[in-house]
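Per-entry structural report
So you can see what is in the structure, the chains are spelled out below.
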Amino acid sequence: AARLFAQRQQLQSLLNQLHMSTENLCKVQALLRREMELGLAKETNVIASTRMLPSYVRSIPDGSERGDFLALDLGGTNFRVLLVQVHSQEQGGVHIFSEVYSIPPQVAQGTGTQLFDHIVTCIVDFQTKQGMMGQKLPLGFTFSFPCKQTSLDQGILVRWTKGFSASDCVGKDVVQLLREAVKRQQHFDLDVVAIVNDTVGTMMSCGYDDPNCEVGLIVGTGTNACYMEEMQNVGTVEGEEGRMCINMEWGAFGDNGCLEPFMTTFDQTVDKASINPGQQRFEKLISGMYLGEIVRHILLKLAGQGTLFRGQASPALQTKDLFPTKFLSVIESDGLAQRQVRAILEELGLRVSCEDGMMVREVCQVVSHRAAQLCGAAVAAVVEKIRENRALEQLEVTVGVDGTLYKLHPHFSQQVKETVKVLAPCCSVTFLQSEDGSGKGAALIAAVACRAA
Ligand code: ADP
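Residues numbered from 1 in each chain as written. Predicted model: local features only at pLDDT ≥ 70, side-chain atom pairs only at ≥ 80, totals over all residues.

If you look the protein chain up in an unreviewed UniProt entry, it shows as Hexokinase-3 from Sphenodon punctatus.

Listed below in structure tokens is the structure:
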């Protein structure tokens, strides 16, 4: 019993490092607010860790959009090609036909030419399967990496994130790279009308059903958000009238070191072992690509000091990415038997006692709770800014959300909501999960673009 007590104490003192007090969450909220202001102003944009990139999307859909559109969705685990048919509500609303294609790592991390040739090959395959070769539909390209846009159909890649590193793309216009790849393909043409961040696509897609939807949020492989900002506050774009959707690129929040006080040695280790050390620091505290890794490093430490697994870490536990974030979802599910938690850990070659199982569960809970609270603090910063922009005492706003971590984790979404309630008490925030958000959103943006043209 004394040994058990000592183990519990070791666990608690380690997990205390990851505890976020309301006071600290307020600090994170205030820090993000400051980075937002810096990113929006022309003079300070370059020193902000959140780039606050203008999207050239000026309103959410009004429901009068019609037509057939192609959409591409590149930005995470899978690449998708979609045919999106936007009809009137009476004719059934939006219909989507899509195919998923994989982007092998050697393509994601190869040359830009290889990557874009692969993309075009997939589009040709899709059009052939849909019996629509020769048709040249307007295309919306959801491309979920930071891009500096100067118009709706031009986006200069700022940097790769989330495991992509194809050469000769950073600093280039991604739409141009796609058009050049199309030219290399014979008897084939495309009409690219918009490049769209997935956050913006998600907001637009939810905005089609809910006119209050003025924020888009992603918590999947990575994390990011966008929202409708007043043009007069957007120093990086000419014009004062109306609003524009701003892609915050909040994954990079903290890349200037401002989040250091809230980071643990485990976060530093995960960052150092990633393909982009020092970058996307906020994302590395929150999203699906990293939570499993944070847990794995904590478990390694606990095993190393003899608190867990009789002091023995297995080779699997010592291997990068062998503890995926979906394990957190499973281990934290309500009503899961201890036996099932142990089964997962035994799969990893660990010798697990009953007590080990319970402690691992606590580690998972603390890591995902911290992620959800940080995400909530960031959402609070955004909705509070919208409220202040409009000088409202009370703001009603909807956040369109996508991402597997948000959707499938048993407690994450609830904890985000609770945090927002505490940190933004004057905002009444509804979270709306998007379906096929980035594809549908890209098509709606293409529709608006075509109508304007
Ligand atoms: P993307 O963000 O790449 O477009 P997703 O939204 O599907 O795609 O997110 C994929 C991420 O979700 C992966 O990094 C994975 O770790 C995480 N994930 C997959 N399944 C689950 C799950 N059941 N619970 C929590 N996270 C999950």
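**Some details on the overall build of the protein chain**
Applied cut-off: Strands are runs of DSSP state E lasting at least two residues, helices are runs of H or I lasting at least four, and both sets are numbered from the N terminus onward. It is over C-alpha atoms that the radius of gyration is taken, and the globule rule equals 2.2 Å times the number of residues to the power 0.38. The exposure label follows from counting other C-beta atoms within 10 Å of a residue's C-beta, where the C-beta atoms are placed from the backbone and the thresholds are 20 or more for buried and 12 or fewer for exposed, leaving partly exposed in between. The contact criterion used here is simple: two residues whose C-beta atoms, placed from the backbone, lie within 7 Å are in contact.
Within the protein chain one finds 15 helices and 13 strands. Computed over the C-alpha atoms, the radius of gyration of the protein chain is 23 Å, within 12% of the 22 Å expected from 2.2 N^0.38 for a compact globule of 453 residues. Of all 453 residues assigned to the protein chain, the portion counted as buried reaches 49%. Considering only intrachain contacts with a sequence separation of at least 6, the fraction spanning at least 24 residues in the protein chain is 73%.

**Some details on the sheet that holds strand β3 (residues 78–86)**
Quick note on the threshold: A pair of strands counts as paired when DSSP detects no fewer than two bridges linking them. Working convention: axes come from line fits to C-alpha atoms, limited for helices to the stretch in contact. Angles between N-to-C directions cover 0 to 180 degrees.
Strand order in this open sheet of 5 strands is β4-β3-β2-β5-β8, and the pairing throughout is mixed. The sheet is open, and its two borders are formed by β4 (94–102) and β8 (191–196), each paired with just one other strand. Direction aside, the axes of adjacent strands within the sheet are offset by 20 degrees on average. For strand β2 (residues 67–74) and β3, the ladder comprises 7 bridges, and the chain directions are antiparallel.

**Quick word on the packing of helix α2 (residues 22–40) against helix α14 (residues 412–423)**
Which entries qualify depends on this criterion: Should an angle lie under 35 degrees it is considered roughly parallel, over 145 roughly antiparallel, and from 65 to 115 roughly perpendicular; all remaining angles are considered oblique. Gly is placed with the polar residues, together with every amino acid not listed as nonpolar (Ala, Val, Leu, Ile, Met, Phe, Trp, Tyr, Cys and Pro) or charged (Asp, Glu, Lys and Arg).
At a minimum axis distance of 11 Å, the contact between α2 and α14 shows a crossing angle of 80 degrees. Here α2 lies roughly perpendicular to α14, going by the angle between them. Across the interface between the two elements, Thr22, Leu25, Cys26 and Gln29 of α2 pack against Thr419, Val422 and Leu423 of α14. Grouping the amino acids of the contact of α2 with α14 by side-chain chemistry returns 4 nonpolar, 3 polar and no charged.

**Focus: the sheet that holds strand β9 (residues 213–219)**
The strand order across the open sheet built from 6 strands is β1-β11-β10-β9-β12-β13, with neighbouring strands paired in mixed fashion. Both outer strands of the open sheet, β1 (53–54) and β13 (427–433), are each paired with one neighbouring strand and no more. Note: β9 against strand β10 (residues 223–230), 5 bridges, orientation antiparallel. Along β10, the bridge assignment pairs isoleucine 218 with asparagine 224.

**What about the site of the ligand?**
Note the cut-off: Placing a C-beta atom from the backbone of each residue, we mark the residue near a molecule or strand if the atom is within 6 Å of it. Note: domain ranges come from an automatic or database domain assignment.
The environment of the ligand is formed by 16 residues, the closest being Gly76, Gly220, Thr221, Gly288 and Ser329. Elements that contribute at least two residues to the shell around the ligand include exactly α10 (325–332) and α13 (404–408). Residue composition of the shell around the ligand, by class: 4 nonpolar, 11 polar and 1 charged. Residue assignment places the shell around the ligand across two domains, with domain 1 (2–52 + 217–433) and domain 2 (54–208 + 436–447) each supplying three or more.

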